[in-house]
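# Understanding the architecture of this molecule
The lines below spell out each chain.
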Amino acid sequence: MRLSLKKIKPLLILLLCMLSPEITHAHESRPAYLEITESQQNLYDITWRRPARGEMVLAMQPVFPEHCTLQGSVANYLSSGAHLSRWSLICADKGLAGHSISVDGLAQTITDVLVRIQLLDGTSWTQVLKPNASAMVIQGSPDSWQVITDYFLLGVEHILGGIDHLLFVLCLLLIVKSNWLLVKTITAFTIAHSITLAMATLGFVKVPQAPIEAMIALSILFLAVELVKQQQGKSDIAMRAPWIVAFIFGLLHGFGFAGALSEVGLPQADIPLALLMFNVGVEAGQLLFIAAVIIVIQFWKHTTRLELTWLPRATVYAIGSLASFWVFERVMTF
């Protein structure tokens, strides 16, 4: 199979529409994070982080059992892309184990909440709350399978909810001309973002997130320009060796993945497992997207002969315009 522009002319706008409805707001489905740490017997330190865009914050609040009461006051902070609250909670003689907690307002959102729990006896675990399952019962012992499931799903949801990452992969698919070159290109992208994801998450490299997000948008704009050159019959490095371009920009995208993972945190006792499963989830989501694109292309190829000669150029310019908007939007957050 050759993924030439001619074969996918009628599909490009359709694929873009599939990435809607809020295509101009990449990563608006970022998860919230609730950390519960037992610092003394039945005394818990609470960290509550919600995604924010400017001063707009998702209207969600954790709900604890009735026997738990606030100790002291709540400290609130507004950082880049998130609203952070910290407070202490005392739960009398009953503690939290065996009791239910929930997140009020989660059902009205499209995001998830990663709950991280650390008890005084050293046990810890994580669980993901979703709009259709916004409550959980705190268990007395950790479950490794829960870490595997939760971080895998977080990785899948992050890549499938990251319109900018998907558009970058889509541009690579449009540029590539053969199956073998496609394998090399996707493999290079995978290796690159896996390296920087691990390095940033484990603390070996620290980079500010805002410039990285702007550079990710710039990488999409670069590929859009390369696609215009391809339509004009010109040949550049993106056409001759797309795997090199995929590797270089994959390093940037890995830092973007790490930024998303840092928002929810990693369980200290299961960092390697959680990091591995998040990365596997990202790859699974990426492969699902690529498979969906190829299936749609093949279906269209074998069911219609419709030719829309204006569509390829219009689609590429639409991708470039959207990427340009993201560049300026993200630069403004510096």
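Above this text is the structure in question.
First, a word on what this report is: a plain description of the structure on this page. (Residues numbered from 1 in each chain as written. Predicted model: local features only at pLDDT ≥ 70, side-chain atom pairs only at ≥ 80, totals over all residues. Heavy atoms only, no water.)

Turning our attention to the packing of aromatic side chains. Any aromatic ring pair is given by two values, namely how distant the centres are and how the planes are angled relative to each other. According to the stated counting rule, one finds 3 aromatic pairs in the structure shown. Between the aromatic rings of Phe168 and Phe249, the centroid separation amounts to 6.0 Å while the plane-to-plane angle is 75 degrees, which identifies the pairing as edge-to-face. Taken as a pair, Phe168 in helix α4 (residues 163–175) and Phe249 in helix α8 (residues 242–264) lie far apart in primary sequence, 81 residues in all. A relative accessible area of 0% places Phe168 in the buried class. (Phe/Tyr/Trp six-rings, centres within 6.5 Å; stacked < 30°, edge-to-face > 60°. Helix = DSSP H or I, 4+ residues; strand = E, 2+ residues; numbered from the N terminus. Buried < 20%, exposed > 50% of the residue type's maximum accessible area, 1.4 Å probe, protein only.)

Okay, unusual backbone geometry next. Phi at Asn42 takes a positive value of approximately 65 degrees, unusual for a residue other than glycine. Among the secondary structure elements, Asn42 is positioned in the loop between β1 (32–40) and β2 (43–53). Classification of Asn42 as buried rests on a relative accessible area of 9%. Within the chain, Ala92 stands out as a residue other than glycine whose phi angle is a positive 50 degrees. Residue placement: Ala92 occurs in the loop between β6 (82–90) and β7 (100–104). The exposure class assigned to Ala92 is partly exposed, which follows from its relative accessible area of 43%.

Let's shift gears to the sheet that holds strand β4 (residues 61–63). Overall, antiparallel pairing links the 3 strands, which are arranged β4-β7-β10 in an open sheet. Each having just a single partner strand, β4 and β10 (135–137) make up the two edges of the open sheet. On average, adjacent strands in this sheet sit at an angle of 20 degrees to one another, irrespective of strand direction. Of the strand pairs in this sheet, β4 and β7 are connected by 3 bridges, and their pairing is antiparallel. In the strand pairing of β7, Gln61 is matched with Asp104. (Pairing = 2+ DSSP bridges. Axes fitted to C-alpha atoms, helices over the stretch in contact; angles between N-to-C directions.)

Counting across every chain of the model gives 1 disulfide. Two residues share a disulfide in this structure: Cys68 and Cys91, whose sulfurs sit 2.1 Å from each other. Every disulfide takes its handedness from the sign of the S-S torsion; for Cys68 and Cys91 that torsion is 110 degrees, giving right-handed. Of the two residues, Cys68 sits in the loop between β4 and β5 (69–79) while Cys91 sits in the loop between β6 and β7, which places them 23 residues apart along the sequence. Of the residues examined, Cys68 reaches a relative accessible area of 11% and is grouped as buried. In this structure Cys91 comes out as buried when scored by relative accessible area, which is 0%. (Disulfide = S-S within 2.5 Å.)

Our next topic: the pattern of salt bridges. For the coordinates displayed, the defined rule picks out 5 salt bridges. Across the pair Lys229 and Glu226 runs a salt bridge, and its minimum N-O distance is 3.5 Å. Here Glu226 and Lys229 lie together in helix α6 (residues 209–231), a separation of 3 residues that amounts to about one turn. Owing to a relative accessible area of 2%, Glu226 belongs among the buried residues under this scheme. Overlapping salt bridges bring together Asp112, Lys130 and Glu157 as one network. (Salt bridge = Lys/Arg side-chain N within 4 Å of Asp/Glu carboxyl O.)

Where α4 contacts helix α9 (residues 271–303), the axes come no closer than 11 Å and their chain directions differ by 45 degrees. Taken together, the axes of α4 and α9 are oblique relative to one another. Note on packing geometry: the crossing formed by α4 with α9 is right-handed. Touching Leu166, Val169, Leu170 and Leu173 of α4 are Gln286, Phe289, Ile290 and Val293, all from α9. In terms of residue class, the contact of α4 with α9 is built from 7 nonpolar, 1 polar and no charged. (Parallel < 35°, antiparallel > 145°, perpendicular 65-115°, else oblique. Left-handed = near helix turned anticlockwise from the far one by under 90°. Contact = heavy atoms within 4.5 Å. Nonpolar A, V, L, I, M, F, W, Y, C, P; charged D, E, K, R; others polar.)

This part takes up the environment of Tyr317. With respect to the helices and strands, Tyr317 occurs in helix α10 (residues 311–331). Taking the C-alpha atoms as reference points, Tyr317 and Ala224, separated by 93 residues in sequence, lie 7.2 Å from one another.

Our focus in this paragraph is the side chain of His193. Following the sequence through the fold, His193 ends up in helix α5 (residues 179–201). A residue is classified by how much of its surface remains accessible, and His193, at 0% relative accessible area, is buried.

Our focus in this paragraph is α5. Compared with the 33 Å implied by 1.5 Å per residue over 23 residues, the 33 Å span of α5 between its first and last C-alpha is a close match. Among the residues of α5, those classed as buried are Leu181, Leu182, Thr185, Ile186, Ala188, Phe189, Thr190, Ala192, His193, Thr196 and Leu197. (Expected span 1.5 Å × (residues − 1).)

Attention now moves to α10. End to end, α10 covers 30 Å across 21 residues, agreeing with the expected 30 Å (1.5 Å per residue, within 8%). For α10, the complete set of buried residues consists of Leu311, Pro312, Thr315, Val316, Ile319, Gly320, Leu322, Ala323, Trp326, Val327 and Arg330.

This paragraph deals with a nonpolar patch on the surface. Among the surface-exposed residues, Ile191, Ile195, Met199, Leu202 and Phe204 lie close enough to one another that they form a single nonpolar patch of about 480 Å² accessible area. Assignment of secondary structure puts Ile195 in helix α5. (Patch = residues over 30% accessible without salt bridge, like charges linked within 9 Å, V, L, I, M, F, W, Y side chains within 5 Å. Areas by Shrake-Rupley, 256 points an atom, 1.4 Å probe, with all protein chains shown as cover.)

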